[in-house]
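Chain by chain, the residues run as shown.
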Amino acid sequence: MKILVPVKRVIDYNVKVRVKSDGSGVDLANVKMSMNPFDEISVEQAIRLKEAGIATEVVVVSVGEKKAQEILRTALAMGADRAILVEADTGDDIEPLTVAKILAKVVADEAPELVIAGKQAIDNDMNATGQMLAALLGWGQATFASQVDVADGKASVTREVDGGLQTVSVKLPAVITTDLRLNEPRYASLPNIMKAKKKPLEEKTAADYGVDLSPRLKVLATEEPAGRAAGIVVGSVDELMGKLKEQGLV
Amino acid sequence: MAVLLLAEMAGGALALDATAKAVTAAAKLGDVTALVCGPKSAAEIAATIEGVSKVLVCEDAAVAHGLAENVTRLILDQAQGFTHIVAPAGNSGRNILPRVAALLDAMVMTDVTEVIAPDTFKRPIYAGNAIQTVQSLDPVKVLSIRTTGFDAAGTGAAAPVETVALSAVSDLSAHVEDKVVSSDRPELTSAKVVVSGGRGIGSEENFALVSSLADKLGAAVGASRAAVDSGFASNDLQVGQTGKVVAPDLYIAVGISGAIQHLAGMKDSKVIVAINKDVDAPIFQVADYGLVADLFDAVPALTEAV
Ligand SMILES: Cc1cc2nc3c(=O)[nH]c(=O)nc-3n(C[C@H](O)[C@H](O)[C@H](O)COP(=O)(O)OP(=O)(O)OC[C@H]3O[C@@H](n4cnc5c(N)ncnc54)[C@H](O)[C@@H]3O)c2cc1C
Ligand SMILES: Nc1ncnc2c1ncn2[C@@H]1O[C@H](COP(=O)(O)O)[C@@H](O)[C@H]1O
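If you're wondering where the values come from, they're calculated on a predicted model, not measured in any experiment.

Conventions we followed
Residues numbered from 1 in each chain as written. Chains lettered and ligands numbered in written order. Predicted model: local features only at pLDDT ≥ 70, side-chain atom pairs only at ≥ 80, totals over all residues. Heavy atoms only, no water. Helix = DSSP H or I, 4+ residues; strand = E, 2+ residues; numbered from the N terminus. Rg over C-alpha atoms; globule rule 2.2 N^0.38 Å. Contact = heavy atoms within 4.5 Å. Areas by Shrake-Rupley, 256 points an atom, 1.4 Å probe, with all protein chains shown as cover. Lys, Arg positive; Asp, Glu negative; His and termini not counted. Charge placed at Lys NZ, Arg CZ, Asp CG, Glu CD. Core = buried A, V, L, I, M, F, W, Y, C linked by side-chain atoms within 4.5 Å. Buried < 20%, exposed > 50% of the residue type's maximum accessible area, 1.4 Å probe, protein only. Buried area = accessible area lost by both parts, 1.4 Å probe. Salt bridge = Lys/Arg side-chain N within 4 Å of Asp/Glu carboxyl O. Polar contact = N/O pair within 3.5 Å; in protein donor to acceptor, adjacent residues only side chain to side chain. Nonpolar A, V, L, I, M, F, W, Y, C, P; charged D, E, K, R; others polar. Near = heavy atom within 4 Å. Pairing = 2+ DSSP bridges. Axes fitted to C-alpha atoms, helices over the stretch in contact; angles between N-to-C directions. pLDDT = per-residue confidence, 0-100. Expected span 1.5 Å × (residues − 1).

Asks: Would you explain the overall build of chain B in this entry?
Replies: Counting its secondary structure elements, chain B contains eight helices and 18 strands. Relative to the compact-globule value of 19 Å for 306 residues, chain B shows a C-alpha radius of gyration of 20 Å, a close match. Once the C-alpha set of chain B is aligned to its principal axes, its extents read approximately 60 × 40 × 40 Å. Across chain B, contacts joining residues at least 24 apart in sequence account for 64% of those joining residues at least 6 apart. Summing over all exposed atoms, chain B offers an accessible surface of approximately 11,000 Å²; the carbon and sulfur share of this is 50%. Separation of charge centres in chain B, based on 21 positive and 34 negative side chains, amounts to 4 Å.

Asks: Can you help me understand the overall build of chain A in this one?
Replies: Across its full length, chain A holds seven helices and 13 strands. Across its three principal directions, the C-alpha atoms of chain A cover 65 × 45 × 40 Å. Roughly 10,700 Å² of accessible area belongs to chain A as shown, and the carbon and sulfur atoms make up 50% of that amount. Positive and negative side-chain charges in chain A, numbering 31 and 36 respectively, have mean positions lying 3 Å apart.

Asks: Quick question: what am I supposed to make of the nonpolar core here?
Replies: Grouped together as the largest cluster of nonpolar side chains are 90 residues, with contacts concentrated most on Met 132 of chain A together with Ile 75 of chain B. When residues of this core are assigned to their parent elements, the largest contribution, eight residues, is made by helix H3 (residues 96–110) of chain A. Not counting residues within four places of it along the chain, the set of residues in contact with Met 132 of chain A comprises Pro 96, Leu 97 and Ala 100 of chain A together with Pro 98, Ala 101, Ala 102, Ala 106, Met 107 and Val 108 of chain B. Counting residues in each nonpolar core, the second largest holds 44 residues, with Val 10, Phe 38, Val 58 and Ala 145 of chain A among its members.

Asks: For this particular structure, what's the right way to read the interface of chain A and chain B?
Replies: Interfaces are often sized by the amount of accessible area the parts lose when they come together. Of the residues lining the interface, 74 residues belong to chain A; the matching set on chain B comes to 83 residues. Taking both sides of the interface into account, the surface hidden between chain A and chain B amounts to around 6,600 Å²; carbon and sulfur atoms contribute 55%. When the area that chain A buries against chain B is broken down by residue, the three leading residues are Asp 162, Arg 216 and Arg 228 of chain A, summing to 12%. Our enumeration of links across chain A and chain B arrives at seven salt bridges. We note a salt bridge from Asp 138 of chain B to Arg 216 of chain A, for which the minimum N-O separation is 2.7 Å. Summed over the shared surface of chain A and chain B, the result is 50 residue pairs in polar contact (both at pLDDT 80 or more). The set of elements that each furnish at least two residues to the side of chain A that touches chain B consists of H3, helix H4 (129–137), strand E7 (140–151), strand E8 (154–161), strand E9 (164–171), strand E12 (217–223), strand E13 (232–234) and helix H7 (237–246) of chain A. The biggest single contributor to the side of chain A that touches chain B is E9 of chain A, with eight residues. Taken together, the residues that form the side of chain A that touches chain B break down as 39 nonpolar, 18 polar and 17 charged.

Asks: Which parts of the structure should I look at to understand the site of ligand 2?
Replies: Residue and element names in this part refer to chain A. Around ligand 2 sit 19 residues in total, of which Pro 6, Asp 39, Val 63, Ala 121 and Thr 129 are the nearest. Between Asn 36 and ligand 2, the recorded distance is 3.0 Å, taken from a side-chain N or O atom to an oxygen atom. Within the backbone of Asn 127, a nitrogen or oxygen atom sits 2.8 Å from an oxygen atom of ligand 2. Among the elements of the structure, strand E4 (57–64), H3 and strand E6 (114–118) are those that each provide at least two residues to the shell around ligand 2. In terms of residues, the shell around ligand 2 owes the most to one element, E4, which gives three residues.

Asks: Quick question: what am I supposed to make of the pairing of E7 of chain A here?
Replies: The two faces of a sheet get side chains in turn, since along a regular strand they alternate between them. Residues and elements named next belong to chain A. Burial runs high along E7: nine of the twelve residues are buried. Relative to strand E10 (residues 174–178), E7 is paired through four bridges, and the arrangement is parallel. Residue pairing for E10: Ala 142 is matched across the bridge by Ile 176. In this structure, E7 lies alongside E8, joined through six bridges in antiparallel fashion. Residue pairing in the sheet places Val 148 in a bridge with Val 157 of E8.

Asks: Is there a simple way to explain the pattern of salt bridges in this structure?
Replies: Proximity of charged atoms lets side chains of opposite charge pair with each other. All names here are of chain A. The full count for this structure, using the stated rule, is 33 salt bridges over all chains. A salt bridge links Asp 123 to Lys 8; the shortest N-O distance between them is 3.1 Å. Separated by 115 residues along the polypeptide, Asp 123 in the loop between E6 and H4 and Lys 8 in the loop between strand E1 (2–6) and strand E2 (9–11) bring together distant segments of the chain. Judged by relative accessible area, Asp 123 falls into the buried class, the value being 7%.

Asks: So what exactly am I meant to see when it comes to the environment of Ala 207 of chain A here?
Replies: Turning to its location among the elements, Ala 207 of chain A is positioned in helix H6 (residues 206–209). Taking the relative accessible area as the measure of exposure, Ala 207 of chain A reaches 66% and is therefore exposed.

Asks: I would appreciate a short explanation of the sheet that holds strand E1 (residues 2–6) of chain B in the present structure.
Replies: In sheet architecture, strand pairing relies on hydrogen bonds along the backbone and comes in two forms, parallel and antiparallel. All names here are of chain B. Spatially, E7-E11-E6-E1-E4-E5-E12 is the arrangement adopted by the seven strands of the open sheet, whose pairing is parallel. Only two strands of the sheet have a single neighbouring strand rather than two, namely strand E7 (109–112) and strand E12 (161–163). Mean inter-strand twist for the sheet, computed between neighbouring axes without regard to direction, equals 25 degrees. Taken strand by strand, helix H1 (residues 16–27) contacts E1, strand E4 (31–37), strand E5 (52–58), strand E6 (84–88) and strand E11 (141–145), and its axis lies near 165 degrees from that of E1.

Asks: Sorry, what's going on with the confidence of the model for chain B here?
Replies: Low pLDDT means the predicted coordinates in that region are not meant to be read closely. When the pLDDT values of chain B are averaged, the result is 97; 100% of them are 70 or greater. We note a pTM of 0.98 for the whole complex and an ipTM of 0.98 for its interfaces.

Asks: Looking at this structure, I do not really get H3 of chain A. What am I missing?
Replies: Note on helix geometry: an α-helix contains 3.6 residues per turn, so any two residues three or four positions apart are oriented the same way. Residue and element names in this part refer to chain A. Helix length check: H3, at 15 residues, gives a terminal C-alpha distance of 20 Å against a target of 21 Å (1.5 Å per residue), a fit within 8%. In terms of burial, H3 is largely enclosed, as eleven of its 15 residues are buried. Looking only at H3, the buried set comprises Pro 96, Leu 97, Thr 98, Val 99, Ala 100, Ile 102, Leu 103, Ala 104, Val 106, Val 107 and Glu 110. One or two positions beyond H3, positive phi appears at Ala 111, with a value near 50 degrees.

Asks: I keep staring at the site of ligand 1 and nothing clicks. Help me out?
Replies: Neighbouring ligand 1 are 29 residues, the closest being Arg 199, Ser 224, Gln 238, Ser 257 and Asn 276 of chain B. Mapping the residues near ligand 1 onto chains gives chains A and B. A distance of 3.3 Å is found between an oxygen atom of ligand 1 and a backbone nitrogen or oxygen belonging to Gln 241 of chain B. For ligand 1, a nitrogen atom lies 3.1 Å from a polar atom in the backbone of Lys 277 of chain B. Protein chains bury 85% of the 980 Å² of accessible surface belonging to ligand 1 in isolation. Taken together, the elements giving at least two residues each to the shell around ligand 1 come down to helix H1 (37–51) of chain A together with helix H6 (225–229), helix H7 (260–263) and helix H8 (295–305) of chain B. When the residues that make up the shell around ligand 1 are grouped by side-chain class, the tally is eleven nonpolar, 13 polar and five charged.

Written out as structure tokens, the structure reads:
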């Protein structure tokens, strides 16, 4: 079984994001970029399925600027077998619908039995691409996975839902999206980083797939959120209670 | 303008607060028809929400557990004539709406916090560190509503309820079981007061400190990701960028450092209290009242004082 894992290059989760003063977007110049944390979890899950003898090949794919090669190499160093870069450099974030359309074409070429995507990219916070891909392919979906068991042409997936957990059984091929509790991704070791340099990385462009990149959402403005007024430090529990009582909160 | 609003369900019953808040947002867009996947009794409650002009109810077992493939089919069955398809931005809406949007060849807008015009919305990006205003160029707008941005619509209306059928049942996925964490406490996203615990709590047993304070205050319990990952609290209690978003009148953060991912889920609370022994913890930058103290002294004392 082949597994396809879409990975996105995003601002590192530790970076404090700043909105550009002219409101044209956020400042991405010279900030640390990394693989979307949920995608590390997806890569880890795919590798574990391979180590368990369930998957035979793990292919990672990223849509975006050429620099996305960096995170593909990271995924290869973690243990993925092969990478595909679909260059789509519009200077803007590529919308999930567009990414899903490109991924659907990659799926048509690669014929994986499972796609494991992240639940959410931490830059646009959309939480949409996996579901959209499943729709376009006419496949079943199991989102926000905290446990995945694959057997007999099905995946049994425990999902993190609002009230707790839900288990669904989804027929393969299917799209799964990963949540935080699924696993703890491994670090790539130095020898594996060296080895990854020799693994195949195929370069394509969005034009190869004939997908139109024009956005459906026109960004009219990007602003800083409203700030909070400075608070005070209280000296004791009694003082805290006094303040809360004053405001009728307790 | 006409809005098809997917009502929020919880354990087979209508989640009234989330649905009523989404109705407030949807009513700014046009005439609201609510779609209930569940029993008639839930539909009858949805029919009382002011601003809902009609309720469609589907009692088919195939949609009872919110399976995305079937609920998407049902929405598309009914979508004719609607300019907007809307749901509250809970995990159910997040699961279903992008699937609906893709089949309509539309780009979904998730976690909308403000309606500017019927085609223009605000939504947070980068864990709420930036707010984007986007205009949708799609003929049908598909969006999920972050309910903390809207007051709940009142009840007292009596909209007509109509039963609808699912045109085809998909066998792509099947429901196996729900493991619902039941509690007598208020629901996290609609509670007036929330007490959240973080890694500083130290253990699952110690988490009782947080629950006791919450119970004294009639509050809901929340947690940071670290507290959930460490097994102190269940996953449905995680507050933050990738968990639940809350905006209660009072949010008390105990032993939580205040990482941006956590702040994303609570910084719109009216009053924030932080109890942390590290004076430099970033949580103090958003706190209205900061108490620099060992939580093992401060929390029992506070519980006692309430
Ligand atoms: C992709 C991604 C998504 C994430 N999503 C979320 C999310 O949705 N929600 C979320 O919360 N986090 C999220 N995180 C994690 C986030 O980055 C932080 O790691 C997490 O919020 C830290 O939790 P914490 O504050 O409980 O733990 P820590 O940062 O370890 O802080 C513990 C605090 O407790 C204090 N403390 C310790 N002992 C005591 C004591 N005895 N008395 C008083 N204070 C004490 C310490 O001073 C410290 O400030 C996400 C991270 C990633 C990468
Ligand atoms: N440009 C991209 N290239 C590859 N995968 C992507 C891209 N954008 C989104 N994804 C995948 O879709 C998931 C959800 O992203 P989003 O829908 O943007 O929140 C990510 O975790 C990735 O797995």
